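# A structural walkthrough
Listed below are the residues making up each chain.
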Amino acid sequence: MQIKLFNKTRWRLAAWYAMVMALILGLCGLIVYQVMIRAYLLSIDLELESVAGTLHSVIEPNLKQPGRIEPVFQLVLPNLCLADSGCPNQQIPSHSQLAHNRHGIFSAVYKDKEYYIRFVNTSLKVIAVAGLKLNELPSTIRIDVWQTLKDSQGNRYSQKSLELHTQDNQTWGYIQVGRSLKELDNRLVALKLTLAFGLPTSIFLVGASSWWLAGLAMRPIDRSYKQMQQFTSDASHELRTPLAAINATVETILDLEHLSEQEARDTFISIRRQNNRLACLVQDLLLLSRFDQKTQATDRQPCCLNDLIIDLMEEFSALASNADLEISSSLEHSQPLYVLADEDQILRLFSNLIANAIKYTPAGGYVHITLKHSTNDAVIEVKDTGIGIAPEEQVRIFDRFYRIDTARSRSNGGSGLGLAIAKAIVEVHKGSIEVQSQLGKGSTFIVRLPASGTEEELV
Ligand code: ADP
C-alpha cells in the first residue's frame with residue numbers, strides 16, 4: 001500500500017515537473033525561433049536597402065526619359081538583360097572586374113545568384129533584369145516598398161522597391177532589389193527539425209531525471225512515514241497490554257460466583273495499577289507529540305540546577321534504598337548554576353535518567369549525580385554501576401519504544417519512552433545528551449544545557 005502510494009506520488013511529481021519543463025523549454029524554443037527569424041530578416045532588409053539606395057543614387061541623376069535604359073545601366077550592372085533585346089553577356093564577371101567596379105556594391109548580385117535587380121516601367125512591365133534570369137523571378141509586379149514574393153517554384157523573395165525620376169522630375173519607373181529567402185527557409189526548416197526532435201528528447205531526459213529527483217526528494221518522507229507507522233503500531237501494542245490485563249481481570253471476576261471484600265479490593269487495586277499505566281503511557285505520548293510540534297520550550301524561567309538536584313536526591317533516596325543502592329551527588333560548582341528552562345520538563349528529564357539508573361543497577365551498586373560548569377554549558381552527569389549498554393544499542397536507546405530487554409523493562413514498569421522524552425526535552429532546550437557505557441560495568445548519561453549563569457549574573 002505504502003509502496004503504491006510512494007510510486008504514485010513519485011510518478012505525479014515527475015510528470016508535473018516534466019510538464020512544466022516542457023512548457024518552459026517549448027516557450028524558450030519559440031522565442032529563439034522568432035528571434036532568429038527577425039534577426040535574419042533584419043539583416044536581409046538592411047542589405048537590400050543599402051543596395052537599392054546606392055543604385056538609386058547612382059542611376060537617377062542620369063535618367064532623361066521615362067522607361068528608357070541609359071548607358072549608365074550597363075556601366076553599373078554589366079550583365080543587365082533587357083526585356084526587348086535579351087542578355088548581351090550572361091557571363092558572371094571575374095573577381096578583378098568586380099573589384100574594379102567603381103561602385104563596389106554589385107558583387108552580391110552575382111556572387112551567389114541570390115539577388116536580382118529589375119527595372120519596371122510606369123505600366124508595371126519589367127524592362128531590364130540583373131542577377132537572376134527573368135523567368136526565375138517572381139512574376140507578380142507590385143510596387144509596394146517592402147514585399148515578400150514567391151516564384152513559380154515556391155521560393156520566397158524579399159524585395160525593396162524605389163521610385164526613379166528623370167532629370168525633369170517625371171516618374172521614370174521603379175527599381176526593385178530582391179533577395180531569395182531560400183537560405184533563411186532552409187535554416188528555419190533545420191531549426192524546426194532540431195526543435196521537433198530536440199524538444200521531445202530533452203523532455204524525455206527531464207522526465208527521467210525528475211523521476212530520479214522525485215525519488216530522492218521522497219526518501220525522507222518515506223522514512224518518516226515508516227517511522228510513523230512503526231510508532232503507531234508500537235503505541236497500539238503498548239496500549240493493548242494494560243487494556244488486555246484489565247479485561248482479563250474483569251473476566252475472571254465475572255466468572256466467580258461469590259466475591260469476598262478482599263478479592264474485590266485486590267481486583268480494584270490491580271485495575272487501578274493497569275489504569276495508571278495506561279494514563280502514564282497516554283500522557284507520555286501526548287508529551288512527545290507536543291514536542292514534535294514545538295521547536296522551543298515555551299515556559300522558560302531561570303531554573304537553579306543545584307536546588308533541582310537536591311530535590312531529586314530527596315525524591316529518589318527512598319527508591320534507591322529500597323533497591324539496596326547508594327545514591328549521591330556532587331555539585332562541583334561553588335555558586336548555584338542556572339539554566340533558562342521549563343522547570344517541570346527539566347525535572348522530568350533528570351527523573352527519567354535517575355529512575356533508569358536505579359532500575360538497571362543491581363543491588364549493592366551506586367548512582368552518582370554530578371553538576372559541572374563547562375564554558376557556556378551546565379553539564380549534568382548521571383552515573384551508575386549497573387548492567388551497562390552494548391555499543392550497538394547505545395545509538396538506539398533514544399528511539400521511541402526501544403527497549404533492550406523488553407521483558408525486564410516492562411516488569412520494571414518501563415514503556416521504552418523515557419529516554420525518547422529525555423532527548424526531546426534536551427533538544428527543545430537547545431542542549432545535548434549522550435551516553436557512555438560498558439556492558440556489565442555501568443553507564444553515564446551526560447546532559448549539556450546552555451547555562452544562563454550564576455544567581456549574581458542573573459540579577
Ligand atoms: P524504559 O522505559 O524501558 O526504561 P527508556 O527509554 O527509559 O525505556 O530506556 C530505553 C532502554 O535503554 C531501556 O529499556 C534499557 O534497556 C536501556 N537503558 C536505559 N537506561 C539505562 C541504564 N542506566 N543502564 C542500562 N540500560 C539502560
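Above this text you will find the structure in question.
Residues numbered from 1 in each chain as written. Predicted model: local features only at pLDDT ≥ 70, side-chain atom pairs only at ≥ 80, totals over all residues. Heavy atoms only, no water.

Using the criterion set out here, one finds one cavity of 30 Å³ or more in the structure. Each pocket or cavity is described by its volume, and for the largest cavity that value is around 40 Å³. For the largest cavity, the full set of lining residues is M36, Y40, L184, R187 and L188. Elements with a contribution of two residues or more to the lining of the largest cavity: α1 (2-59) and α5 (182-255). Broken down by element, the lining of the largest cavity gets its largest block of residues, three residues, from α5. A class-by-class count of the residues in the lining of the largest cavity yields four nonpolar, no polar and one charged. (1 Å grid on protein atoms, 1.4 Å probe; cavity = no way out; pocket = protein on both sides within 12 Å on 5 of 7 lines; lining within 4 Å. Points joined across faces, edges and corners; volume = space filled by probe spheres on them. Helix = DSSP H or I, 4+ residues; strand = E, 2+ residues; numbered from the N terminus. Nonpolar A, V, L, I, M, F, W, Y, C, P; charged D, E, K, R; others polar.)

In this section: the pairing of strand β11 (residues 377-384). For β11, a buried count of six out of eight residues is recorded, marking the element as mostly surrounded by other parts of the structure. Of the strand pairs in this sheet, strand β10 (residues 366-374) and β11 are connected by eight bridges, and their pairing is antiparallel. Looking at β11, one finds that I369 is bridged to V382. Taking the residues between adjacent antiparallel strands as the criterion, β10 and β11 are bridged by two residues, where T375 takes a positive phi near 45°. (Buried < 20%, exposed > 50% of the residue type's maximum accessible area, 1.4 Å probe, protein only. Pairing = 2+ DSSP bridges.)

All chains considered together, the criterion is met by eleven salt bridges. Residue E238 pairs with R403 through a salt bridge whose shortest N-O separation is 2.4 Å. Highlighted residues: E238 in helix α5 and R403 in the loop between α9 (391-394) and α10 (406-411), separated in sequence by 165 residues. (Salt bridge = Lys/Arg side-chain N within 4 Å of Asp/Glu carboxyl O.)

Reported here for the largest pocket is a volume of approximately 1,000 Å³. In terms of lining residues, the largest pocket is bounded by 40 residues, among which N356, K359, Y360, G414 and G418 are the most central. For the lining of the largest pocket, the secondary-structure elements that each account for two or more residues are α6 (261-293), α7 (305-322), α8 (343-359), α10, α11 (418-428) and β13 (442-454). At seven residues, the largest contribution of residues to the lining of the largest pocket is made by α8. Of the residues belonging to the lining of the largest pocket, the class tally is 17 nonpolar, 13 polar and ten charged. Reported here for the second largest pocket is a volume of approximately 650 Å³. Lining the second largest pocket we find 22 residues, and of these Q227, F231, F398, D399 and R400 sit closest to its centre. If you list the elements that add at least two residues to the lining of the second largest pocket, you get α5, α6 and α11. Sort the elements by how many residues they give to the lining of the second largest pocket and α5 lands first, with six residues. Residues of the lining of the second largest pocket, tallied by class, amount to ten nonpolar, four polar and eight charged.

The N-to-C vectors of α5 and α6 enclose an angle of 165°; their axes lie 9 Å apart at closest approach. Classified by the angle their axes make, α5 and α6 are roughly antiparallel. Relative to α6, α5 is oriented so that their crossing is left-handed. Where α5 approaches α6, its residues F231, A235, E238, L239, P242, L243, A245, I246, T249, V250 and I253 are matched on the opposing element by T267, S270, I271, Q274, N275, R277, L278, L281, V282 and L285. Taken together, the residues of the contact of α5 with α6 sort by class into 14 nonpolar, five polar and two charged. (Axes fitted to C-alpha atoms, helices over the stretch in contact; angles between N-to-C directions. Parallel < 35°, antiparallel > 145°, perpendicular 65-115°, else oblique. Left-handed = near helix turned anticlockwise from the far one by under 90°. Contact = heavy atoms within 4.5 Å.)

Glancing now at the nonpolar core. Core analysis: the largest hydrophobic core is formed by 50 residues, its most contacted members being L349, F350 and L353. Among all residues touching L349, those that are not within four sequence positions of it are A422, I425, V426 and V447. Counting residues in hydrophobic clusters, the runner-up holds 30 residues, among them L63, F73, L80 and L188. (Core = buried A, V, L, I, M, F, W, Y, C linked by side-chain atoms within 4.5 Å.)

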